[in-house]
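Report on the structure
One-letter residues, chain by chain:
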Number of protein chains: 4
Amino acid sequence: MVIVMRQGCRPEDIARVEARLKSLGLSVFLSNGRAKTVAGALWDTKSGDIRDFEVLPGVIEVIRITEPFKLASRSFHPEKTVIRVKDAVIGGPEVALMAGPCTVESEAQTIEAAEKVAAAGAKVLRGGAFKPRSSPYSFQGLGEEGLRILGKASKRTGLAVISEVMDVGQIPMMMQYVDIFQVGARNMQNFSLLRELGRTRKPVLLKRGLSATIEEWLMSAEYIMAGGNHEVMLCERGIRTFETYTRNTLDISCIPVVHKLSHLPVIVDPSHAIGIRAKVPPLALAAVAAGADGLLIEVHPDPDNALCDGAQSLFPEQFADLAARLRIIAPAIGRTL
Amino acid sequence: MVIVMRQGCRPEDIARVEARLKSLGLSVFLSNGRAKTVAGALWDTKSGDIRDFEVLPGVIEVIRITEPFKLASRSFHPEKTVIRVKDAVIGGPEVALMAGPCTVESEAQTIEAAEKVAAAGAKVLRGGAFKPRSSPYSFQGLGEEGLRILGKASKRTGLAVISEVMDVGQIPMMMQYVDIFQVGARNMQNFSLLRELGRTRKPVLLKRGLSATIEEWLMSAEYIMAGGNHEVMLCERGIRTFETYTRNTLDISCIPVVHKLSHLPVIVDPSHAIGIRAKVPPLALAAVAAGADGLLIEVHPDPDNALCDGAQSLFPEQFADLAARLRIIAPAIGRTL
Amino acid sequence: MVIVMRQGCRPEDIARVEARLKSLGLSVFLSNGRAKTVAGALWDTKSGDIRDFEVLPGVIEVIRITEPFKLASRSFHPEKTVIRVKDAVIGGPEVALMAGPCTVESEAQTIEAAEKVAAAGAKVLRGGAFKPRSSPYSFQGLGEEGLRILGKASKRTGLAVISEVMDVGQIPMMMQYVDIFQVGARNMQNFSLLRELGRTRKPVLLKRGLSATIEEWLMSAEYIMAGGNHEVMLCERGIRTFETYTRNTLDISCIPVVHKLSHLPVIVDPSHAIGIRAKVPPLALAAVAAGADGLLIEVHPDPDNALCDGAQSLFPEQFADLAARLRIIAPAIGRTL
Amino acid sequence: MVIVMRQGCRPEDIARVEARLKSLGLSVFLSNGRAKTVAGALWDTKSGDIRDFEVLPGVIEVIRITEPFKLASRSFHPEKTVIRVKDAVIGGPEVALMAGPCTVESEAQTIEAAEKVAAAGAKVLRGGAFKPRSSPYSFQGLGEEGLRILGKASKRTGLAVISEVMDVGQIPMMMQYVDIFQVGARNMQNFSLLRELGRTRKPVLLKRGLSATIEEWLMSAEYIMAGGNHEVMLCERGIRTFETYTRNTLDISCIPVVHKLSHLPVIVDPSHAIGIRAKVPPLALAAVAAGADGLLIEVHPDPDNALCDGAQSLFPEQFADLAARLRIIAPAIGRTL
């Protein structure tokens, strides 16, 4: 933390700041410039709120200089985290494909989707059983029945299963069906849920909130990791911007940025980012070219009759074609698929 | 819903759109312009996803023309909702003052705050017992002990109590201590929590998410109301913008906008919006001048030693001075205080 | 500037940073913490790009600690700037009202508007002669003829005239007609125009760009002031946010923030911020309650037939009613009107 | 345009809307639903402001259903525009590389940069002679001397030259030195400049404003095209978002979106988007994978001593390595390089 004092502030103002820093157990350095005095200390992640210094007399500005996350930080864990679930290896040289329908609608639909995405190279099957819908009048998912269907499809194809958890109360029941818990964008700061997932020992895919900064996203990962569960994947799914021609704006630059700040794998969900089928493949190709560790893509055997998000679901053939193009791109960045 | 078809699209494209509208039970109107054909139907709040039409051949654009909320809408409920809790009347001609410390720290601190805000004209006591902190390493609140203290302070002063609920599991316990449930900005789209609060019969103050649109905010109110609990207040607490000199940006214009769209009362929280004590009063005055039905303000008997958000808490005398100025302003807009 | 070095970085990395700081003529301070080393220097407004340090080996983060503006800064000019134009005094205890039509359409329309706003208490007449329209096919203003009409209206009523300048080439001609140059939001960073206005000796009202930060806005004021023209007013006219129910979002908090950072007066334009007539008065009242030094409001004698922005123009009676309410509010914040 | 009327609005309200539509020469269609009446008309790009209808009695909402741009629209010009400048072909199957230093500093620096980027496959040389700097105290460029140097470098290497124009007054002089005019992000809505460039017959590269929507960007292209100059390239250079770890956020999805809406080529500038050298290549690869027609990249022979933006400039070897990787990726999307 660096505290900038007003030019010509009184000695007692500086003394007060110094005393407060010391009362927090921080070692203090002081520097007297021509124009301003700067006091500073190395801040600890547990030390509280920098604004407590901003209101002290003589202080102009207070700047935090250390990252507030630790377990998620690359400084403290230089090697990349690799997560293994069934046949999927996430965070290694291979790009991991996760695919399947937005929502589990029926056994037939889910098994057909699972077989087709597995044939094209996917290692993880996605499918929603609990759906966070912005309207209370929309279809809310099949619930546990949906999870049972995912389990069957997994047994048949060998795919690992990822599905969204919305609530602390759903965790114990879901433990028996899913291989990866998904936390949705709207729950990225549902701290009760994060804390409880930190007590499980299943990998968690944490979607970035619609207007969360990268730091807030990593702080939410820190919540899970602080409970002892270190297998967290970060999933970029588009952020909110002023653009109205797209559903959201895929933040492609977060991939190299997160890779520098953190050792956790980064997955990209182009389907929710763009919201329209025809533009999913260009974004998926771009994500892998930019270094994503995996993709989460909606694929439906019959998108025109999907109960949810059909407009953004790929036909199985489109997904197979995309996988073929990805195999051309991967070597350009030293990856395989 | 209005569906715009490409110039020169084929008759079968139009027929397909028409059939799909009818299959949803919607009555259809068609219009053939020189350049484009427009098909339309009056959309129902339960009818699903407009993007299902966007992917049909010949369609350029689909536009929703009805609001997706109903119980929260002024069209269906023209008179303003008035909520009564103890001595507070929220949504009537009187501006309701809610005040108190960010966090309940001790009995002495809470009772002192309660007595002072009551003396200055507040009718509701705020105080956090469960704190949603972005870092897992920050103080998380006193929990039930904090609620017990609020209960005591309420008995002593007659003030109603508002406190934040973070989790479905906390609701039954909190029922005995609080008069108004507060839902925090980060939980605005925690649909499990909203649904459960809809089953209670206590007023709910719903904070707007950091980058939620007004429509999304009203949809979250709709979630609560759909369960039968119609006593919802909407609380603006600042939205995220590019500005870094302020913590958040208070969206003052949401006050007249929500009053036009909805019958629910609008409360403004200037403390969280601006984050620095000295700028709370100008924003509080502005909010009332713009028509707010109430204010939620952090007041602490000793802000310099507050455990949380001291930098944005008013001293009790500042709060009393603010109330005096509000009494000058209120008549300019036909309100009392 | 504070430069944070990686834990365990090499002594030569620190030496390199130190040398570079010294080569810029900056005096350096160094601090060795347990975890990290921090080097720093007091940055000068002319010293360049902090990213030049970010790419040096061993550096984690570089933070600027001094404001990049100087002439516009309150630190260097503690008393508030007061600008006098004809009968208007802007920045003093009186709230200055500027009003008139969006666009000058005819002599009759402009003179009627001028007389009515003067009667209600306005001291400055606004009116566009050159219009920045987002479509090349929209009406672009009457040009010099419009300015001549404003001049006549000014002579008749004694009001000062403010009108928008879009181009360096228009300045000499406009000098004879206007009392205040207005720079539009889209030209806030048209540096050629700002530099040239800095060479004139007429007050400039500088609108904030649609998504400009306060710092960028003050830097644009600095451009004008660096040329020797110190009579700059800052005009908040709404910023772009995700909200679609309003045209823009009035950033009310910028008023106390700018008043703390700068000595320049702050004017608020609620008409462009909200875009719909009925919501202009609540925002105008709020702006004055929050401390604005003046208001810029669109008033048209016949808004329903205005050539431009009729939907947001007040009827003259509405403006008079607003002025009456403002007179109730002003004393609450120690102002007059 | 579709106009939604309030349920139970009066027949005279509908008649008024109808009359106003007809007065604009628009043919009207009406539809009476159970709940609401909808009136509509096909809007013309010249027809004005939809808010004029929003203020009429009985109207709830007005929605524009036609794009406001025409010359830039793919509906009116289905084949993609291909622009040829010297050896560069922009908009065809080949991906066009434009590269060079941020700022022209000296003849030696510019010629060295030009030779190295040409050797790696670039066809266009970039270099700033007039620099739009947010501080009036920063280096503002060499001016005409810089253009002369670019001309020499072009003669030596055969590269076409692109350089930024900031002002109408600079156009005649620049005509003799540059092959492509660049309009910077801050001038995207400098309508005087756009209009004047429309009167030249040189290609224009139009950068997207920091928070411009795609529609506004295309409207600015329309301004240039309305003057008869149809050779416009659109350049995405990052938009402003809440993220602070990156300078701007590259909007990769604008590539497929613009390609659907318009026939104009899309160029991506990853250097300004991300602002830090090490992250330029991942974004450049992503842009081409997503379908960009070209790249604009900063390359400097000695970035550590660059006068401007050294931190984001590639070393020449990095640029050559990037070009080699792009050659692997191009076939995956049916392009060459």
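Owing to the predicted nature of the structure, the values given are computational and were not obtained by experimental measurement. (Residues numbered from 1 in each chain as written. Chains lettered and ligands numbered in written order. Predicted model: local features only at pLDDT ≥ 70, side-chain atom pairs only at ≥ 80, totals over all residues. Heavy atoms only, no water.)

Details of the overall build of chain A
Within chain A one finds 11 helices and 14 strands. The C-alpha extent of chain A, read off along each of the three principal axes, is 75 × 45 × 40 Å. Relative to its 337 residues, chain A shows a buried fraction of 66%. Counting only contacts in chain A whose residues sit at least 6 apart along the sequence, the fraction spanning at least 24 positions is 68%. In the form shown here, chain A has an accessible surface area of approximately 11100 Å², with 50% of it arising from carbon and sulfur atoms. In chain A, which carries 40 positive and 37 negative side-chain charges, the distance between the mean positions of the two groups comes to 3 Å. (Helix = DSSP H or I, 4+ residues; strand = E, 2+ residues; numbered from the N terminus. Buried < 20%, exposed > 50% of the residue type's maximum accessible area, 1.4 Å probe, protein only. Contact = heavy atoms within 4.5 Å. Areas by Shrake-Rupley, 256 points an atom, 1.4 Å probe, with all protein chains shown as cover. Lys, Arg positive; Asp, Glu negative; His and termini not counted. Charge placed at Lys NZ, Arg CZ, Asp CG, Glu CD.)

A few points about the relation of the copies chain A and chain B
With an RMSD of 0.1 Å, the operation that places chain A on chain B is a rotation of 180° combined with a shift of 0.0 Å along the axis. Such values leave the two copies arranged in the relation of a two-fold axis. Using C-alpha coordinates, one finds that chain A approaches the rotation axis most closely at S211 of chain A, a distance of 3.3 Å. (Least-squares fit on C-alpha atoms with pLDDT ≥ 70 in both.)

A look at the nonpolar core
Formed by 316 residues in total, the largest nonpolar core has its most connected members in I252 of chain A, I252 of chain B, I252 of chain C together with I252 of chain D. With near-sequence residues (within four places) excluded, I252 of chain C lies in contact with L250, I252, L283 and A286 of chain B together with A286, A287 and A290 of chain C. (Core = buried A, V, L, I, M, F, W, Y, C linked by side-chain atoms within 4.5 Å.)

A look at the interface of chain A and chain B
Chain A puts 45 residues into the contact, and the matching count from chain B is 45 residues. Between chain A and chain B, a total of about 3800 Å² is buried, with carbon and sulfur atoms accounting for 48% of that surface. Per-residue buried area on chain A facing chain B is highest for R51, Y137 and R186 of chain A; these three make up 18% of the total on that side. At the boundary of chain A and chain B, one finds two salt bridges. A salt bridge links R240 of chain B to E216 of chain A, with the nearest nitrogen and oxygen atoms 2.4 Å apart. Counting every contact that joins chain A to chain B gives 19 residue pairs in polar contact (both at pLDDT 80 or more). (Buried area = accessible area lost by both parts, 1.4 Å probe. Salt bridge = Lys/Arg side-chain N within 4 Å of Asp/Glu carboxyl O. Polar contact = N/O pair within 3.5 Å; in protein donor to acceptor, adjacent residues only side chain to side chain.)

Section: the pairing of strand β1 (residues 2–5) of chain A
Residue and element names in this part refer to chain A. Burial along β1 is two-sided: V2 and V4 facing one way and I3 and M5 facing the other are all buried. Of the strand pairs in this sheet, β1 and strand β4 (residues 59–63) are connected by four bridges, and their pairing is antiparallel. Residue pairing for β4: M5 is matched across the bridge by V59. (Pairing = 2+ DSSP bridges.)

Overview of the packing of aromatic side chains
One pass over the structure, following the stated rule, counts eight aromatic pairs over all chains. Seen in terms of ring centroids, F242 of chain B and F242 of chain D are 5.7 Å apart; in terms of plane orientation they differ by 50°. Their pairing is tilted. One end of the pair, F242 of chain B, is in the loop between β12 (232–236) and α8 (254–261); the other, F242 of chain D, is in the loop between β12 (232–236) and α8 (254–261), on a second chain. One exposure class covers both F242 of chain B and F242 of chain D, and it is buried. Centre to centre, the rings of F191 of chain D and Y223 of chain D are 4.6 Å apart; their planes meet at 20°, and the pair counts as stacked. Placement of F191 of chain D in helix α6 (residues 191–198) and of Y223 of chain D in helix α7 (residues 214–226) is noted, with a sequence separation of 32 residues between them. Of the residues examined, Y223 of chain D reaches a relative accessible area of 2% and is grouped as buried. (Phe/Tyr/Trp six-rings, centres within 6.5 Å; stacked < 30°, edge-to-face > 60°.)

Digging into the confidence of the model for chain A
When pLDDT is averaged along chain A, the result is 90, and 93% of the positions lie at 70 or above. Listed scores for the predicted complex are pTM 0.91 and ipTM 0.90. (pLDDT = per-residue confidence, 0-100.)

Focus on a nonpolar patch on the surface
Residues F139, L142 and L307 of chain A make up a contiguous nonpolar surface patch of about 240 Å² in total accessible area. Position of L307 of chain A among the secondary structure elements: in the loop between β14 (294–298) and α11 (316–329). (Patch = residues over 30% accessible without salt bridge, like charges linked within 9 Å, V, L, I, M, F, W, Y side chains within 5 Å.)

Re the sheet that holds strand β13 (residues 266–268) of chain A
All names here are of chain A. Reading around the barrel, the eight strands line up as β7-β8-β9-β10-β11-β12-β13-β14 and close back on themselves, with parallel pairing between neighbours. On average, each strand axis in the sheet is inclined to that of its neighbour by 25°, with strand direction left out of account. Direction of pairing for strand β9 (residues 160–164) relative to strand β10 (residues 180–183): parallel, over a ladder of three bridges. Residue pairing in the sheet places E164 in a bridge with Q182 of β10. Contacts between helix α4 (residues 144–157) and the sheet are confined to β8 (124–126) and β9, with β9 contributing the most and set at about 160° to the helix. (Axes fitted to C-alpha atoms, helices over the stretch in contact; angles between N-to-C directions.)

Remarks on unusual backbone geometry
Phi is positive for K86 of chain A, which is not a glycine, with a value near 45°. Of note, K86 of chain A is situated in the loop between β5 (83–85) and β6 (88–90). The partly exposed category is assigned to K86 of chain A, whose relative accessible area is 49%. Unusually for a residue other than glycine, D309 of chain D sits at a positive phi of about 60°. Mapping D309 of chain D onto the fold places it in the loop between β14 (294–298) and α11 (316–329).

Re the packing of helix α6 (residues 191–198) of chain C against helix α7 (residues 214–226) of chain C
Residue and element names in this part refer to chain C. One can describe the packing of α6 onto α7 by two numbers: an axis separation of 6 Å at closest approach and a directional angle of 45°. On the basis of the axis angle, α6 is oblique to α7. The residues of α7 that touch α6, namely those facing F191, L194, R195, L197 and G198, are S220, Y223 and I224. Looking at side-chain class alone, the contact of α6 with α7 contains five nonpolar, two polar and one charged residues. (Parallel < 35°, antiparallel > 145°, perpendicular 65-115°, else oblique. Nonpolar A, V, L, I, M, F, W, Y, C, P; charged D, E, K, R; others polar.)

With respect to the sheet that holds strand β8 (residues 124–126) of chain B
All names here are of chain B. Ordered in space as β7-β8-β9-β10-β11-β12-β13-β14, the eight strands form a closed barrel in which the pairing is parallel. The average angle at which neighbouring strand axes cross in this sheet is 25°, direction not considered. With three bridges joining them, strand β10 (residues 180–183) and strand β11 (residues 204–207) adopt parallel strand pairing. Each residue of the ladder has a partner; that of F181, found in β11, is V204. Here helix α4 (residues 144–157) sits on the sheet and contacts β8 and β9 (160–164); the angle it forms with β9, its principal contact strand, is near 160°.

Digging into the packing of helix α10 (residues 280–289) of chain A against α11 of chain A
Residue and element names in this part refer to chain A. Where α10 contacts α11, the two axes come as close as 10 Å, and the packing angle between them is 30°. Put simply, α10 runs roughly parallel to α11. Viewed along their axes, α10 and α11 form a crossing whose handedness is right-handed. For the pair formed by α10 and α11, the contact residues are P281, A284, L285, V288 and A289 on the first element and L322, R325, L326 and I329 on the second. Class assignment for the residues of the contact of α10 with α11 results in eight nonpolar, no polar and one charged. (Left-handed = near helix turned anticlockwise from the far one by under 90°.)

Notes on helix α8 (residues 254–261) of chain C
Side chains three or four residues apart in an α-helix point the same way, a direct result of the helix having 3.6 residues per turn. Across the eight residues that make up α8 of chain C, a large majority, seven, are buried. For α8 of chain C, the full list of buried residues reads C254, I255, P256, V257, V258, H259 and L261 of chain C. Residues of α8 of chain C that are buried sit in contact with α9 (270–274) and α10 (280–289) of chain B together with α7, β12 (232–236), β13 (266–268) and α10 (280–289) of chain C.

Regarding the pattern of salt bridges
Tallied over the entire structure, the rule returns 92 salt bridges over all chains. Notably, a salt bridge pairs R277 of chain A with D304 of chain A, separated by 3.9 Å at the nearest N-O pair. Here D304 of chain A lies in the loop between β14 and α11 and R277 of chain A lies in the loop between α9 (270–274) and α10, a separation of 27 residues in the sequence. Classification of R277 of chain A by relative accessible area gives buried; the value is 10%. Between E112 of chain B and K116 of chain B there is a salt bridge whose closest N-O contact spans 3.0 Å. Here E112 of chain B pairs with K116 of chain B, and both are found in helix α3 (residues 107–120), just four residues apart, close to one helical turn. Through salt bridges with shared partners, a single ionic network connects R10, E12, D13 and R16 of chain A.

Describing the environment of G91 of chain D
Residue and element names in this part refer to chain D. Mapped onto the secondary structure, G91 falls in the loop between β6 (88–90) and β7 (96–100). Overall, G91 belongs to the buried group, its relative accessible area being 7%. Through-space distance from the C-alpha of G91 to that of Y245 is 32 Å; in sequence the pair is 154 residues apart. Residues in contact with G91, not counting those within four places in the same chain, are K80, T81, V82, P265 and D293.

Some points on the pairing of β12 of chain C
Residues and elements named next belong to chain C. The element β12 is largely enclosed, with a buried count of five among its five residues. Pairing of strand β11 (residues 204–207) with β12, which is carried by four bridges, proceeds in the parallel orientation. Bridged to L205 within β12 is M233. Tracing the backbone out of β11, into α7 and back to the parallel element β12 gives a crossover that is right-handed. Sheet topology note: the β12/β13 ladder contains three bridges and is parallel. Across the sheet, C235 pairs through a bridge with I267, a residue of β13. (Right-handed = clockwise from strand over helix to strand, strands pointing away.)

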